[in-house]
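If you want the building blocks of each chain, they are given just below.
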Amino acid sequence: MNTEERREVKKKLRREVLARRAALTEPERERGNLLITERILGHQWYYLSDTILGFVSYGSEICTTEILENALQDGKRVYVPKVEGQEMRFYRIQSLAELKEGYKGIQEPEGNTESYEYAPEEAANCLLLMPGSVFDPLGNRMGYGGGFYDRYLADREALRLRSIAVGFRCQQVESVPVEETDVKPYQVILV
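Just so we're clear, the structure is a prediction, and the values are computed from it rather than from any experiment. Along each chain, numbering runs from 1 in the same order as the chain's sequence is written. Reporting of local features is limited, given that this is a predicted model, to residues whose pLDDT is at least 70; pairs of side-chain atoms are given and counted only at 80 or more, and all residues count toward the totals for whole chains, interfaces and linings. Excluded from the side-chain calculation are hydrogens and water; included are all heavy atoms of the structure.

Draft legend 1. View of the nonpolar core. Side-chain atoms within 4.5 Å are what join buried Ala, Val, Leu, Ile, Met, Phe, Trp, Tyr and Cys residues into a set we call a nonpolar core. Here's how the labels work: a residue is buried when its accessible area is under 20% of the maximum for its type, exposed when over 50%, partly exposed in between, all with a 1.4 Å probe on protein chains only. Counting 43 residues, the largest nonpolar core has Ile36, Ile40, Phe90, Tyr116, Leu127, Leu159 and Ile164 as the members making the most contacts within it. Residues in contact with Tyr116, not counting those within four places in the same chain, are Thr51, Leu53, Tyr79, Phe90, Cys126, Tyr152 and Leu159. Grouped together as the second largest cluster of nonpolar side chains are six residues, Leu13, Val17, Val134 and Val176 included. Note on definitions: a residue-residue contact is assigned when non-hydrogen atoms from the two residues lie within 4.5 Å.

Structure below.
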């Protein structure tokens, strides 16, 4: 399969799985949001981390609001992504109220606060949460086609070792077509 064919397969797969996710009922969605919050807040990496690199859920994504609010209440340093051109940077927030509509309508920080600076020796104190559109049982993940997390984690291996991709169980397929540039999260938790 050449690159162009693989891209088409990925686009079709992404469309199918996102339609499935969008079709979840409100009770299914609420149950998933509750379970993912429980799983992350109870995860040892959460306890051991003083820094959380989260993401602000958008559209039909699993909701991260409770996780981010708990991390702020627990006194952790919380950073969320902002897309700047082809890159993504994480900026510190003190409250979700600071966020403004940004890239593709996603809530983002303004980008005028402290940005997260990667240091391999401090990555063990971090937890990186990442969204995704499609996952498989081997832990492969497809994003939304922008490659932001793949580029961000490409040269940050110590942080990748503290990464958890989260989503709904309906987002799992038998196999995700993988490309050389794809960076696999260390863990995937689907509820």
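From this point, the discussion proceeds with the structure in view.
Draft legend 2. Just the packing of aromatic side chains, in detail. Put simply, two rings from Phe, Tyr or Trp (the six-membered ring, in Trp's case) pair if the centres are within 6.5 Å, and we call them stacked under 30 degrees between planes, edge-to-face over 60, tilted for the rest. Tallied over the full model, the rule gives five aromatic pairs. Ring geometry for Tyr103 and Phe148: centres 5.3 Å apart, planes at 80°, overall edge-to-face. Separated by 45 residues along the polypeptide, Tyr103 in the loop between strand 4 (100–101) and strand 5 (107–108) and Phe148 in helix 5 (residues 148–153) bring together distant segments of the chain. The rule is short: NZ of Lys or CZ of Arg within 6 Å of the ring centre and within 35 degrees of the ring normal puts a charge over the ring. A cation over an aromatic ring shows up here: Arg151 above the ring of Phe148, its NZ or CZ 5.1 Å from the ring centre. Across the ring face of Tyr152, the terminal group of Arg156 is positioned such that the distance to the ring centre comes to 4.0 Å. What counts as a helix is a DSSP run of H or I of at least four residues, what counts as a strand is a run of E of at least two, and both are numbered from the N terminus.

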